[in-house]
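Survey of secondary and tertiary structure
Each chain, written out:
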Amino acid sequence: DAGVTQSPTHLIKTRGQQVTLRCSPISGHKSVSWYQQVLGQGPQFIFQYYEKEERGRGNFPDRFSARQFPNYSSELNVNALLLGDSALYLCASSKPTGAYEQYFGPGTRLTVT
Amino acid sequence: QKEVEQNSGPLSVPEGAIASLNCTYSDRGSQSFFWYRQYSGKSPELIMSIYSNGDKEDGRFTAQLNKASQYVSLLIRDSQPSDSATYLCAVNGGRGSGTYKYIFGTGTRLKVLA
């Protein structure tokens, strides 16, 4: 079975721009979570979606938003990019919601200049 | 106090030795605990999950959980140079902060010396 897929792999944006990152979960998984990982740190939770509903949000500003589609794929949007948004953005999928095993995609490396 | 704490390392062990990685967490309501391996420039890969007190073994890996002490560890037996990576401990948020989210430590960098 295919794992979690994310696109694009790399992205370079300018401050103030907007970006959309995409994620497709493992087949049969209905929950998608988004994390931000900066160099030298562990992933930080941004959002979790289950059955198209937001189940939780981490401590991130309103510039970050997400949605989940009927096929369980998901998009993460970040508006008004700041230099500090440069990071590896990770998508993870799991079967049910809650505290079950999460499997990560390869990530999208975002660089804001 | 950080929610999930790990020694950043590097932890250096000779090839064939046992590597012991430790993690403490602050939320007593946490129920699920995970170890991920992350190679440089790659995404985290799930190695082990543990939900009950005691030991759980999978091949060369053993996860140990002690909820009373709020402590979880990962032992890697017969360490190989290919085990050199950063090991991330993740804990679910517990009812207080949200069972849906994982809280990660900063990771321990392991170096296995050939």
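Scope of this entry: the structure provided in the associated data block. (Residues numbered from 1 in each chain as written. Chains lettered and ligands numbered in written order. Predicted model: local features only at pLDDT ≥ 70, side-chain atom pairs only at ≥ 80, totals over all residues. Heavy atoms only, no water.)

By rolling a water-sized probe across the atoms, one finds the places where empty space is left. Of the volumes computed, that of the largest pocket is approximately 450 Å³. Broken down by secondary-structure element, the contributors of at least two residues to the lining of the largest pocket are strand 9 (85-92) and strand 11 (108-113) of chain B. Of all the elements, strand 11 of chain B adds the most residues to the lining of the largest pocket, at four residues. Put simply, the second largest pocket is a space of about 300 Å³. The wall of the second largest pocket is formed by 17 residues, among which A:Pro43, A:Gln44, B:Glu3, B:Ile103 and B:Phe104 lie closest to the centre. Counting residues per element, the ones that place at least two in the lining of the second largest pocket are strand 5 (44-50) of chain A together with strand 10 (102-104) of chain B. (1 Å grid on protein atoms, 1.4 Å probe; cavity = no way out; pocket = protein on both sides within 12 Å on 5 of 7 lines; lining within 4 Å. Points joined across faces, edges and corners; volume = space filled by probe spheres on them. Helix = DSSP H or I, 4+ residues; strand = E, 2+ residues; numbered from the N terminus.)

All names here are of chain A. Along the polypeptide, Arg22 turns up in strand 3 (residues 19-24). Judged by relative accessible area, Arg22 falls into the partly exposed class, the value being 41%. Spatially, the C-alpha atom of Arg22 lies 5.3 Å from that of Ser7, the residues being 15 residues apart in sequence. In this structure Arg22 touches Thr5, Gln6, Ser7, Trp34, Ser74 and Glu75, once residues within four positions along its chain are discounted. (Buried < 20%, exposed > 50% of the residue type's maximum accessible area, 1.4 Å probe, protein only. Contact = heavy atoms within 4.5 Å.)

Walk down a regular strand and you will see the side chains alternate between the two sheet faces. Residue and element names in this part refer to chain A. The buried fraction of strand 4 (residues 31-37) amounts to seven of the seven residues, a majority that puts the element mostly inside the structure. Side chains of strand 4 alternate between two faces, with Ser31, Ser33, Tyr35 and Gln37 and Val32, Trp34 and Gln36 buried alike. Note: strand 4 against strand 5, six bridges, orientation antiparallel. When the bridges of strand 5 are listed, Val32 appears paired with Tyr49. With seven bridges joining them, strand 4 and strand 9 (residues 87-94) adopt antiparallel strand pairing. Counterpart to Gln36 in the pairing with strand 9 is Tyr89. (Pairing = 2+ DSSP bridges.)

Moving on to the interface of chain A and chain B. Facing the 22 residues of chain A at the interface are 19 residues of chain B. Taking both sides of the interface into account, the surface hidden between chain A and chain B amounts to around 1,600 Å²; carbon and sulfur atoms contribute 56%. Elements represented by at least two residues in the side of chain A that touches chain B include exactly strand 4, strand 5, strand 6 (53-57), strand 9 and strand 10 (103-104) of chain A. At three residues, the largest contribution of residues to the side of chain A that touches chain B is made by strand 6 of chain A. (Buried area = accessible area lost by both parts, 1.4 Å probe.)

For the rest of this paragraph, the subject is the state of the cysteines. All names here are of chain A. Taken as a whole and judged by the stated rule, the model has two disulfides over all chains. Note that Cys23 is cross-linked by a disulfide to Cys91, the S-S spacing being 1.8 Å. Handedness of the Cys23-Cys91 disulfide follows from its S-S torsion of about -60°: it is left-handed. Linking Cys23 in strand 3 with Cys91 in strand 9, this pair joins segments that are 68 residues apart in sequence. Exposure class is identical for Cys23 and Cys91. Each is buried. (Disulfide = S-S within 2.5 Å.)

A few words now on the nonpolar core. Ranked by internal contacts, the top residues of the largest apolar core, which has 24 residues, are B:Trp35, B:Val72, B:Leu74, B:Ile76 and B:Tyr87. Setting aside chain neighbours within four positions, we find B:Tyr87 in contact with B:Gln6, B:Leu21, B:Trp35, B:Tyr36, B:Arg37, B:Ile47, B:Leu74, B:Ile76, B:Gly107, B:Thr108 and B:Leu110. Judged by nonpolar contacts, the second largest core, of 22 residues, contains A:Val4, A:Val19, A:Cys23 and A:Phe60. (Core = buried A, V, L, I, M, F, W, Y, C linked by side-chain atoms within 4.5 Å.)

A few words on the side chain of A:Ser31. All names here are of chain A. Here Ser31 shows up in strand 4. Exposure remark for Ser31: the relative accessible area of 0% places this residue in the buried category. Of the polar contacts made by the side chain of Ser31, one reaches the backbone oxygen of Tyr49; its length is 3.3 Å. (Polar contact = N/O pair within 3.5 Å; in protein donor to acceptor, adjacent residues only side chain to side chain.)

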